[in-house]
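Secondary and tertiary structure notes
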Amino acid sequence: MNHHTYEKPLEEKIQTLVSRSYESLDEGEALAQQVLLLGRADEDERLQGVALSALCEIRFLRSGATNSLFSMVYETIRREEAAEDFHGLAVSYNLLGILNRMMLFYVRAMDNFLTSRKYVLKLPGRHTYLGALYGNIASVYRSLGNYGEALSYLQKTIPYLEQSTSHRVRNLMNTWAELGLLYLDARGDAAKAGECLQKLTDLIDHNTERIDVPYHLYWLLSARLARIQGNRTEEERAVRQELDLLSRLGIYSDSLDGILEFMEYLIQNREFSWFALFQQAFAPYADSLSAANSLRWLDACIAYDRSRNDRARCNVDMAQYYDTSLRLQVERQAMELQAITNLNRIEKMQEENSRLTREAETDHLTGLPNRYSLNRTSDLWYEQAYRQQTCLGVEILDIDFFKQYNDTYGHQAGDACLRKVAGALSAFRDAHPGLYAARYGGDEFVLLYDNLTDDEVLRLAGLLREAIRGLQIPMPTAPGSILTISQGIRNSIPTQKNKLWDYLYAADNALYQVKQTQKGDICLLKDAKISDLSLRKGHIL
């Protein structure tokens, strides 16, 4: 199966999974399993990565951070690495960061988010994903109590989310709510928080979809602002709305932080009668929490027990808190070991991929970049020179009388000669930044010069000529003769009409002119059009 293009029905399934546009989690899981089976049957890394990525998000929404989900995310990353799926890698590392943050591995979470950002920046036109990513980075700072840094990152997210086409309203609702809460935490700025609440209210009023999950933070922001304003009626209404939301929907992973934060708000403000109602509604889900979230829940319960002077219940909750702390330690150790194991696998795979890439782009005889690498690099240099309106120089050189050398001394000696010339080219390239050298084929080599004047290019070309002469390789052409090279160069600022092929064509014609007139010379052209006049005008060195 072609790993880049698929038949239309399969491509549509892939796009549905990538955009997460399935209508229900059950539908998404069934679709992902179909694509995963196809990917495994055809050993197609991209298909497997796309399917696993969707399954990871579905499992996350259903169960939160679990050992099995961590393992699945790492497997997904391995598939995406093999397929060079940068979008998939951005999504997977972002989810890995969320999971690590939930398990209180904040340093690792930040590293995951920054890795995700690296892949996002490789995706033309997909920078809107930075909005969600910066929001997650803000959440790390907020968890660590650095509200100022969290606020600065969260403020960056809005312009990106405004441009987004995927989950735009949902993400904006979450962000405006978190931004309002951060204005209160970082600055005590009720006016700014009120503006955020109004933005959020406008989104809700004008949204045709029913989006319940982000409302948890909406009602928390409403309650906190109402308390600051002394509006007890509005605060109670927010609490009642939050209770109703919890009773109707229950909890799932991306709503849990908001619910727990609401409970903590009630405890901190000694609203124990309201907390009792939350405790009653939340209790059926308590046993399904991860250890980290269980500790937040039990911490609130213990404070409530103490408020009622209920020592018996407090002792039970404290004992459970201790047992949960031990469970968290075991879970964290297991995840640490799993993370280390999977990171080693990924690193080994990356090393293998790098080795294969080097082999695919390297000429085996000379060790220089090959024709494939030259094509890729020269395209990049050409585009850069055109954007920046700087000079690009392309040189084609070949060894004078190489066929005679080969015929006289044999192919093994000819190969050794090519390796010596290539070694001199490599050393010359390394000694002069802004140069690139590759084997073009046979005894021809190509050099690229970045942003140099004609005089600078000619000076370097002359130094290279002397470096090759300095090898003192005897030639069979005449007694005492040594190996020389002929060089044809095109150097100019690319225009819209130019193509990279024009440069190679002009350099090749300049080289032909040298070979026809005086081998061992250098000819530099500035015109793309080849004519006797342009050749006569060429700089000869």
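Our structure is the block above this text.
A brief structural summary.

**Observations regarding the overall build of the protein chain**
Counting secondary structure elements, the protein chain contains 22 helices and 6 strands. Against the globule reference of 24 Å for 541 residues, the protein chain gives a C-alpha radius of gyration of 33 Å, more extended than a compact globule. Projected onto its principal axes, the C-alpha coordinates of the protein chain cover approximately 110 × 45 × 45 Å. Here the protein chain, with 541 residues, has 50% of them falling under the buried criterion. Counting contacts in the protein chain only where the partners sit at least 6 residues apart, residues at least 24 apart contribute 66% of the total.

**Here's the deal with helix α5 (residues 86-102)**
With 17 residues, α5 should cover 24 Å at 1.5 Å per step; its first-to-last C-alpha distance of 24 Å lies within 8% of that length. At the C-terminal side of α5, Leu 104 shows a positive phi close to 70 degrees.

**Details of the side chain of Thr 76**
As for its position among the elements, Thr 76 is in helix α4 (residues 67-83). Owing to a relative accessible area of 0%, Thr 76 belongs among the buried residues under this scheme. For Thr 76, the residues in contact, after removing those within four places along its chain, are Gly 49, Leu 52, Ser 53, Cys 56 and Ser 92.

**Here we look at empty space enclosed by the protein**
It is the rolling of a water-molecule-sized probe over the atoms that shows where space remains empty. Scanning the model with the defined rule gives 1 cavity of 30 Å³ or more in all. There is about 30 Å³ of room inside the largest cavity. In terms of lining, the largest cavity is formed by Leu 374, Ser 378, Val 394, Val 446, Leu 448, Leu 500 and Leu 504. Listing elements by their share of the lining of the largest cavity, those giving two or more residues are α17 (371-388), β3 (444-450) and α21 (500-517). Per-class residue counts for the lining of the largest cavity are 6 nonpolar, 1 polar and no charged.

**Considering the side chain of Ser 222**
Note that Ser 222 resides in helix α11 (residues 215-228). Here Ser 222 falls in the buried class, since its relative accessible area comes to 6%. Aside from chain neighbours lying at most four places away, what touches Ser 222 is Leu 197 and Ala 238.

What counts as what
- Residues numbered from 1 in each chain as written.
- Predicted model: local features only at pLDDT ≥ 70, side-chain atom pairs only at ≥ 80, totals over all residues.
- Heavy atoms only, no water.
- Helix = DSSP H or I, 4+ residues; strand = E, 2+ residues; numbered from the N terminus.
- Rg over C-alpha atoms; globule rule 2.2 N^0.38 Å.
- Buried < 20%, exposed > 50% of the residue type's maximum accessible area, 1.4 Å probe, protein only.
- Contact = heavy atoms within 4.5 Å.
- Expected span 1.5 Å × (residues − 1).
- 1 Å grid on protein atoms, 1.4 Å probe; cavity = no way out; pocket = protein on both sides within 12 Å on 5 of 7 lines; lining within 4 Å.
- Points joined across faces, edges and corners; volume = space filled by probe spheres on them.
- Nonpolar A, V, L, I, M, F, W, Y, C, P; charged D, E, K, R; others polar.

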